[in-house]
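Understanding the architecture of this molecule
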Amino acid sequence: MAALTSMISLIFLNLATTQVAALATPSSQPIVTIPLDKQYVPVVRNEKIVSYKTAYFGKINLGLPRQQTFTVVFDTGSAHLFVPSGNCHSETCLRHRRYFSNQSGTALAIDHHGNEVKKNATRRDQVNIAFGTGEVTGEFVRETLCLNSRQPETAAPGQDCVELRVILASQMTKEPFNTFEFDGVLGLGLASLAVDPEFSFFGQMSKLNNLKEQSFGYFLSKVDSVPSEISFGGHDARRLATPLQWAPVHRPEMGYWQLKLLSVSIGGERLPLCDEGDCVAIADTGTSLLGAPRTVAQRMHWLLARKVPHNPDEIDCRTFPGPEMIFELEAGVNITLGAPEYSRATGMRVLNNKTNSSQLICRASLLPVDDGEVLGPKAFILGEPALRKYYTAYDWKRQRIGFGISIQPEEGEVPEGEPRHTVYGAPPNEPPTPTVVQV
C-alpha cells in the first residue's frame, strides 16, 4: 500500500495466535519482536490475475486492564495510529475489529489540542486521513498501547507500553480497507510527520520509556512458512548475513525516512534524472512495490525488460536473469537489486498479428510516483522488493537507516521456535501463465 501519499487535513490545519518474543542484545536491552501476518490481494486485468499486492501486519493491544487487540500495518511512510471505532457501523468497519472506549480503563476522549472532552459533549473534533486510494475520518482518544498482551489481573504497563493519541475511525472507505484483513495502521514516520508529537508511537516510546536502543528493525521473509517480523528497542542480529551499513536521513524535518540518492543505474547505465544530486529514496514498509518517478519509469521498464528464449508456456520471471539495479546512497551505501527482487512473477506474451509470431517478455514491477509538493519530482520508494533483500534498521536517535543483507530461509523451512502466523490468499505454487497482448 502506497502509504506515502498519506496527508492529514484538520479543519484548522489543513493469524493463528501470534507470539511476541523477547530477545537479549549485547546491551541486555530487550527487543520486542512481533511476527507479521501476510496477505496476498490479486490484481486483475481483463478477468485475469496479473500480479498480487501484499500486506504485512501484526498485533498491538490498546487499553488497560482489559486489552483490545488489533492487527496493524507498521508503516514507516505515515505517523499516526488509527483503528476502527465502535461507533462505526459501515460494512467496512464491521468486517474488522472495532475499538470501544467504554471497555478501557485508560481511555480519555480528547480534542485536537489534546484537551479532555466532556462526556456530555455533542460535537467532537475530527481528522481526515487519505491513505493510498482510501480515506479515513475519525475522532481522538488518548490511550495506552502495549506490544505484549496481558491478562486483566496482571495488566500493569511495562516498557513495551506507551501512552499516545489514537485516531478512532468513524468512517473508512470501502476501497481499499474492505479488501484487506488488517484493522488499522501504526505509523512509524519521524515525529515531524505527525500533527502532534503525542501521535508518534515510537517518538513517545523513545522519550517516555528510556530505551537504550532507540531504534527498530524490519525483516521481510521471502517464504510464507517463516513470518516476517518487526523488532522494537533495537534490531535482531540473527536476521543479518552482513553487517549493517548506515546512511543518514536526508532532511529529517520532513518526517520521512528519506535518503539522499546520489545515482541510480541499471545494467551499468546511469539515469540522467539524478545527475544533479537532488534525487531521494524513501524506505517505506507500507508499499509493496518499488516506486519510481513517472518521468523515468518508462525508461526503467525498458532497461529492465528481458526477452525469454524458446517461448515457454509458463515461467516465473523472478527466476529469469536480468540486469542489476543499483541505488547509490550517501556514506558509501549501495542498494543492489536483481531480477528476483524487481520482477513481476507473470510474464507477458506479445503476439504479432502481422508476422504471426510471439515473444515472451519478463518485466519489472514498478509503481509510478507522481510529482508531489511534499516528495518532489525525483522521489524513489524503496518498498517491499528492497526491504525483502535487505534487513533495515531505523535509528530514531541518530536519524539514520541501516541496511544489511538478510538471512532468508528456504521454501518450506520452519526453524524451531519460530512464532506462528497466518497467510491469507496465497497464490498457487505452479509458475504463472503469461498474460497475452496482441500488437
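Here's a quick rundown of the structure. This one's a predicted model, so the numbers in the text were calculated from it and none came from an experiment.

Relative to the helices and strands, Glu-229 resides in strand E13 (residues 228–232). Accessibility expressed as a relative area gives 4% for Glu-229, which makes it buried. Within the structure, the side chain of Glu-229 is placed 3.0 Å from the side chain of Arg-239, a separation counted as a polar contact. Those residues in contact with Glu-229 that lie beyond four places of it in its chain are Thr-33, Ile-34, Pro-35, Leu-36, Gly-217, Tyr-218, Phe-219, Asp-236, Arg-238 and Arg-239.

A few words now on the layout of surface pockets. Of the voids in this model, the second largest pocket is the one considered here, and its volume is about 470 Å³. Together, 20 residues line the second largest pocket, and Ser-101, Asn-102, Leu-108, Ala-109 and Arg-124 are the ones closest to its centre. Counting residues per element, the lining of the second largest pocket draws most heavily on strand E9 (residues 134–146), which supplies 3 residues. Looking at the lining of the second largest pocket, its residues break down into 10 nonpolar, 5 polar and 5 charged.

Now for the state of the cysteines. Applying the stated criterion to the full structure yields 4 disulfides. Two residues share a disulfide in this structure: Cys-88 and Cys-93, whose sulfurs sit 2.1 Å from each other. Of note, the bridge from Cys-88 to Cys-93 carries an S-S torsion of about 85° and is right-handed in sense. In this model Cys-274 forms its disulfide with Cys-279; the gap between the sulfur atoms is 2.2 Å. Given an S-S torsion of about -90°, the disulfide between Cys-274 and Cys-279 has left-handed geometry. Residues Cys-274 and Cys-279 agree in their burial class; the two are buried. Going through the protein in sequence order and numbering each bonded cysteine, the pairs you get are 1-2, 3-4, 5-6, 7-8.

Another aspect to go through is the nonpolar core. In terms of nonpolar packing, the biggest core is built from 69 residues, with Phe-74, Phe-201, Phe-232 and Phe-380 touching the most fellow members. Judged by nonpolar contacts, the second largest core, of 30 residues, contains Phe-140, Met-172, Val-185 and Tyr-256.

This brings us to the environment of Pro-323. Structurally, the position occupied by Pro-323 is in the loop between strand E19 (306–308) and strand E20 (325–329). For Pro-323, a relative accessible area of 22% corresponds to the partly exposed category. The sequence separation of Pro-323 and Lys-53 amounts to 270 residues, and the corresponding C-alpha distance is 24 Å. Those residues in contact with Pro-323, other than ones at most four positions away along the chain, are Ile-266, Gly-267, Leu-303, Leu-304, Arg-306, Leu-337 and Tyr-342.

Further remarks concern helix H4 (residues 294–304). Taken residue by residue, H4 has Val-296, Ala-297, Met-300, Leu-303 and Leu-304 as its buried positions. Projection of H4 onto a plane perpendicular to its axis shows the buried side chains occupying an angular sector of 130°, all on one side. What points out from H4, more than 90 degrees from its buried face, is the exposed set Thr-295, Gln-298 and Trp-302.

Reported here for the largest cavity is a volume of approximately 100 Å³. Lining the largest cavity are 13 residues, and of these Thr-54, Ala-55, Tyr-56, Thr-285 and Gly-286 sit closest to its centre. The element that contributes the greatest number of residues to the lining of the largest cavity is strand E4 (residues 48–62), accounting for 3 residues. Of the voids in this model, the second largest cavity is the one considered here, and its volume is about 50 Å³. As for the second largest cavity, its lining consists of Leu-36, Lys-38, Tyr-56, Ser-221, Val-223, Asp-224, Val-226, Pro-227, Ser-228, His-421 and Val-423.

Further remarks concern the pairing of strand E8 (residues 127–131). Only one face of E8 is buried: it carries Val-127, Ile-129 and Phe-131, and the other face, with Asn-128 and Ala-130, is open. As judged from the 5 bridges shared by E8 and E9, these two strands associate in the antiparallel manner. Across the sheet, the residue bridging to Asn-128 is Thr-137, located in E9. In textbook terms, the turn of a hairpin is the stretch between consecutive antiparallel strands, and for E8 and E9 this stretch comprises 2 residues, one of which, Gly-132, has a positive phi near 60°.

Calculation criteria
Residues numbered from 1 in each chain as written. Predicted model: local features only at pLDDT ≥ 70, side-chain atom pairs only at ≥ 80, totals over all residues. Heavy atoms only, no water. Helix = DSSP H or I, 4+ residues; strand = E, 2+ residues; numbered from the N terminus. Buried < 20%, exposed > 50% of the residue type's maximum accessible area, 1.4 Å probe, protein only. Polar contact = N/O pair within 3.5 Å; in protein donor to acceptor, adjacent residues only side chain to side chain. Contact = heavy atoms within 4.5 Å. 1 Å grid on protein atoms, 1.4 Å probe; cavity = no way out; pocket = protein on both sides within 12 Å on 5 of 7 lines; lining within 4 Å. Points joined across faces, edges and corners; volume = space filled by probe spheres on them. Nonpolar A, V, L, I, M, F, W, Y, C, P; charged D, E, K, R; others polar. Disulfide = S-S within 2.5 Å. Core = buried A, V, L, I, M, F, W, Y, C linked by side-chain atoms within 4.5 Å. Arc of directions from axis to C-beta. Pairing = 2+ DSSP bridges.

Honestly, that's just the spatial picture; any functional story needs more than this.
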